[in-house]
Amino acid sequence: MHELSVCQSLLDQVNTIAAEHHATSIEKIFLQVGPLSGVEPELLQSAFPIARADSIAAGAELVIQQMPIQVRCKTCHAETAAKANRLLCGECGDWQTELLSGDELLLERVEMLT
Amino acid sequence: MCDTCGCNVTPGNKHLVEANGKLAWVGKGKTAVDVLQGLLSENDHQAMHNRQHFDKHQVLAINLMSSPGAGKTALLEATIEALQDRYRIAVIEGDLETENDAKRIRAKGVTAIQITTGTACHLDAHMVHDALHNLDLSKLDIVFIENVGNLVCPASFDLGHHRNVTLLSVPEGDDKPAKYPVMFRAADLMLLTKTDLLAVLDDFKPEKAEQYLRNLASEAPVMQVSSRSGEGMQDWLDWLDQELATHRARIQNGEIVRPAIQSDGIRLHATANSPTQHHGPTHRHE
Ligand SMILES: Nc1nc2c(ncn2[C@@H]2O[C@H](COP(=O)(O)OP(=O)(O)OP(=O)(O)O)[C@@H](O)[C@H]2O)c(=O)[nH]1
Ligand SMILES: [Zn+2]
Ligand SMILES: [Zn+2]
Ligand SMILES: [Zn+2]
Ligand SMILES: [Zn+2]
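About the thresholds
Each chain has its residues counted from 1, running along the sequence as written. All chains are assigned letters beginning at A, and all ligands numbers beginning at 1, according to the order in which they are written. It should be noted that, the model being predicted, local features are given only for residues of pLDDT at least 70 and side-chain atom pairs only at 80 or more, the latter also being counted only at that level, while totals for whole chains, interfaces and linings use all residues. Computation of side-chain values covers all heavy atoms of the structure but excludes hydrogens and water. Think of it this way: any DSSP run of H or I at least four residues long counts as a helix, any run of E at least two long counts as a strand, and we number them from the N terminus. Working rule for helices: expected span equals 1.5 Å times residues minus one. Exposure categories follow from relative accessible area, calculated using a 1.4 Å probe and restricted to protein chains: below 20% of the type maximum is buried, above 50% is exposed, and the middle band is partly exposed. Water is not among the atoms examined, so metal sites may look incomplete; donors are the N, O and S atoms within 2.8 Å of the metal, or within 3.2 Å for Na, K and Ca. Working rule for geometry: tetrahedral if four donors all subtend angles between 85 and 135 degrees; square planar for four, octahedral for six, if opposite donors exceed 155 degrees and the others stay between 65 and 115; irregular in every other situation. pLDDT: the predictor's confidence for each residue, scored from 0 to 100. Lines fitted to the C-alpha atoms define the axes, with helices restricted to the stretch that makes contact. Angles between their N-to-C directions range from 0 to 180 degrees. Here the angle decides the label: under 35 degrees means roughly parallel, over 145 means roughly antiparallel, 65 to 115 means roughly perpendicular, and every other value means oblique. In this scheme the handedness of a crossing depends on how the near helix is turned from the far one: anticlockwise by less than a right angle means left-handed, clockwise means right-handed. The contact criterion used is simple: two residues touch if any of their non-hydrogen atoms lie within 4.5 Å. Residue types Ala, Val, Leu, Ile, Met, Phe, Trp, Tyr and Cys, when buried and joined through side-chain atoms within 4.5 Å, form a set referred to as a nonpolar core. Only heavy atoms are used to decide nearness, and a residue is near a molecule or strand if one of them lies within 4 Å of it. Here a polar contact is taken to be a pair of N or O atoms separated by no more than 3.5 Å, where protein atoms must pair a possible hydrogen donor with a possible acceptor and residues adjacent in sequence count only if both atoms sit in side chains. Each accessible area is a Shrake-Rupley estimate made with a 1.4 Å probe; only the visible protein chains count as cover when residues are assessed. Residue polarity is assigned by list, with Asp, Glu, Lys and Arg as charged and Ala, Val, Leu, Ile, Met, Phe, Trp, Tyr, Cys and Pro as nonpolar; anything else, Gly included, falls into the polar class. When DSSP finds at least two bridges between two strands, those strands are taken to pair.

Details of helix α1 (residues 3–20) of chain A
Residue and element names in this part refer to chain A.
- The terminal C-alpha atoms of α1, which comprises 18 residues, lie 26 Å apart, in line with the 26 Å expected from a rise of 1.5 Å per residue.
- Of all 18 residues in α1, 13 are buried, a share of seventy percent or more.
- Looking at the residues trailing α1, positive phi occurs at H22, about 50 degrees.

Side note on the coordination of the zinc ion (ligand 3)
Residue and element names in this part refer to chain A.
- Of the protein atoms, only C73 (SG), C76 (SG), C89 (SG) and C92 (SG) coordinate the zinc ion (ligand 3), at distances of 2.3 to 2.4 Å.
- Geometry at the zinc ion (ligand 3) is tetrahedral, judged from the four donor atoms that bind it and their angles of 103 to 119 degrees at the metal.
- Counting residues between consecutive donors of the zinc ion (ligand 3) along the chain gives the motif C-x2-C-x12-C-x2-C.

Brief notes about the confidence of the model for chain A
- Put simply, chain A has an average pLDDT of 88, and 99% of its residues get 70 or more.
- The secondary-structure element of chain A with the lowest mean pLDDT is strand β6 (residues 105–113) of chain A, recorded at 81, while strand β4 (residues 79–81) of chain A shows the highest, at 97.

Examining the packing of α1(A) against helix α2 (residues 41–52) of chain A
All names here are of chain A.
- As a packed pair, α1 and α2 sit with axes 8 Å apart at the nearest point and diverge in direction by 55 degrees. Considering their axes alone, α1 and α2 lie oblique with respect to each other. Between α1 and α2 the crossing geometry is right-handed. Where α1 abuts α2, its residues E3, L4, V6, C7, Q8 and L11 lie against L43, L44, A47, F48, I50, A51 and R52.

Remarks on the nonpolar core
- Of all hydrophobic cores here, the largest spans 30 residues; its most connected members are F144(B), V165(B), L191(B) and W236(B).
- For this core, the secondary structure elements donating two or more residues are β1 (60–65), α4 (72–83), β2 (89–95), α5 (100–106), β4 (142–146), β5 (163–169), β6 (189–193) and α10 (233–252) of chain B.
- The biggest single contributor to this core is α10(B), with six residues.
- Apart from residues lying up to four places away in sequence, W236(B) is in contact with L64(B), L75(B), T79(B), F144(B), V165(B), L189(B), L191(B), M223(B) and V225(B).
- Of all hydrophobic cores here, the second largest spans 26 residues; its members include V14(A), I17(A), I26(A) and I64(A).

What about the site of ligand 1?
Residues and elements named next belong to chain B.
- Around ligand 1, the surrounding shell holds 17 residues, and the nearest of these are K72, T73, A74, E146 and D196.
- Between ligand 1 and the protein, one listed contact pairs an oxygen atom with a backbone N or O atom of G69 at 3.0 Å.
- Contact between ligand 1 and R228: an oxygen atom at 2.9 Å from a side-chain N or O atom of the residue.
- Considered on its own, ligand 1 offers 650 Å² of accessible surface; in the complex 74% of this is hidden by protein.
- Ranked by residues supplied to the shell around ligand 1, first place goes to α4 with three residues.
- For the shell around ligand 1, the per-class residue count stands at four nonpolar, six polar and seven charged.

Remarks on the sheet that holds β5(B)
All names here are of chain B.
- Taken in spatial order, the seven strands of this open sheet run β3-β2-β4-β1-β5-β6-β7, and their pairing is parallel. What marks the edges here is a single partner per strand, and that holds for β3 (111–116) and β7 (222–224). On average, each strand axis in the sheet is tilted by 20 degrees relative to the strand beside it, whichever way the strands run.
- Pairing geometry for β2 and β4, over five bridges, is parallel. Residue pairing in the sheet places I92 in a bridge with I145 of β4.

Notes on the packing of α4(B) against α10(B)
Residues and elements named next belong to chain B.
- One way to put it is that α4 packs onto α10 with a least axis distance of 11 Å and a crossing angle of 70 degrees. By the angle between their axes, α4 is roughly perpendicular relative to α10. Contact residues: L75, A78, T79, A82 and L83 in α4; M233, W236, L237 and L240 in α10.
- Classifying every residue of the contact of α4 with α10 by side-chain character gives eight nonpolar, one polar and no charged.

Notes on unusual backbone geometry
- Although it is not a glycine, H77(A) adopts a positive phi angle of roughly 70 degrees.
- For H77(A), the position within the fold is in the loop between β3 (70–73) and β4.
- Phi at A217(B) takes a positive value of approximately 60 degrees, unusual for a residue other than glycine.
- Looking at the element boundaries, A217(B) is found in the loop between α9 (206–214) and β7.

Concerning the sheet that holds β3(A)
Residues and elements named next belong to chain A.
- Reading across from one edge, β4-β3-β5 is the order of the three strands in this open sheet, with antiparallel pairing throughout. Of all strands in the sheet, those with a lone pairing partner are β4 and β5 (97–101), marking the two edges. The mean inter-strand angle of the sheet, taken between neighbouring strand axes irrespective of direction, is 35 degrees.
- As paired strands, β3 and β5 are joined by four bridges and run antiparallel to one another. The residue of β5 that forms the bridge with Q70 is S101.

Printed below as a string of structure tokens:
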């Protein structure tokens, strides 16, 4: 895993956004994380205070929204919930599905003081 | 596991690595933050650049991932023996400490670039880029990248390669895809290795391993190989032939070939706001 580097990358992006908006500080960072992203939300939370030190986000809070896994069946087109290691259609049981949600690692919103 | 990527940061020890903590990388004269600067968004950018290198020379780049000891190097040795007369091959070897694997590959008469990752448990695009500058891609057809043996981290880092091959050796058990869904979902091909041992391992069912893979909604082909007996090697070699031909045809059409999972996962690491501001590659290549 690599949560510290994810945090670092996140803060790079936050910094860019902060600069665009002439922010003086970052208050909250909202992140969407899915179980299939390869990132553990708990490890992300514990890496965050290390990554944010000395940055414009030094006092920021990281708010992680854990996303559900949702698949769409290529056979019957149903959209159903699934588990990380069983991405099967909840209606007909087919394995040929596509992932609608569950692999997110997305910066959703940044709250800052300007 | 890895200091560079932070796997080992847990609630129990994080006070140690925080800015002024005991283990704050003071040896390098920098704060933790300075040492650990952005790996992922820069990684993806670097990976794109690496892919341009490969594509420019029509080289097919294949990333091999597995648990430690699943047989990646043995498979490469057997593959090189079989293909050496037809294709020009080179290998990039990722290893925690030793140069043993690279030596094994060189013994087959093929260039092997060793990347010693130290404590990091995966290769990243920057490491591969450094290795690429030591390879003459104009004289190659296929580059194999042997990733660090680990079923967790390597799947999250685009190296700029074209195909992911995930090995599952039969002594490991047939339920690995269910236990490591992120890794196995990234496979363009799942190779069941060491199948000469199936005779003595009555609890590994290839059909079950395949079922667990299908449960991840993966259409990746599944093949059985033994580097030791040579059984099944032909299927794997045929797959490589096919991939190389398809790759070249796509490059002719100006298409970019990516590992299966990364084309749906491309929105990962994107900002909600704008195209990410990258430092960009620091150089251009002719
Ligand atoms: N029986 C059998 N043993 C094999 C086969 N392939 C590899 N091995 C053995 O498995 C062990 C590990 O093989 P390697 O090829 O070094 O595995 P690796 O995946 O490169 O290992 P790391 O680079 O350390 O992760 C060695 O002792 C090999 O001889 C095979 O097809 N059959
Ligand atoms: Zn890691
Ligand atoms: Zn269905
Ligand atoms: Zn090896
Ligand atoms: Zn370059």
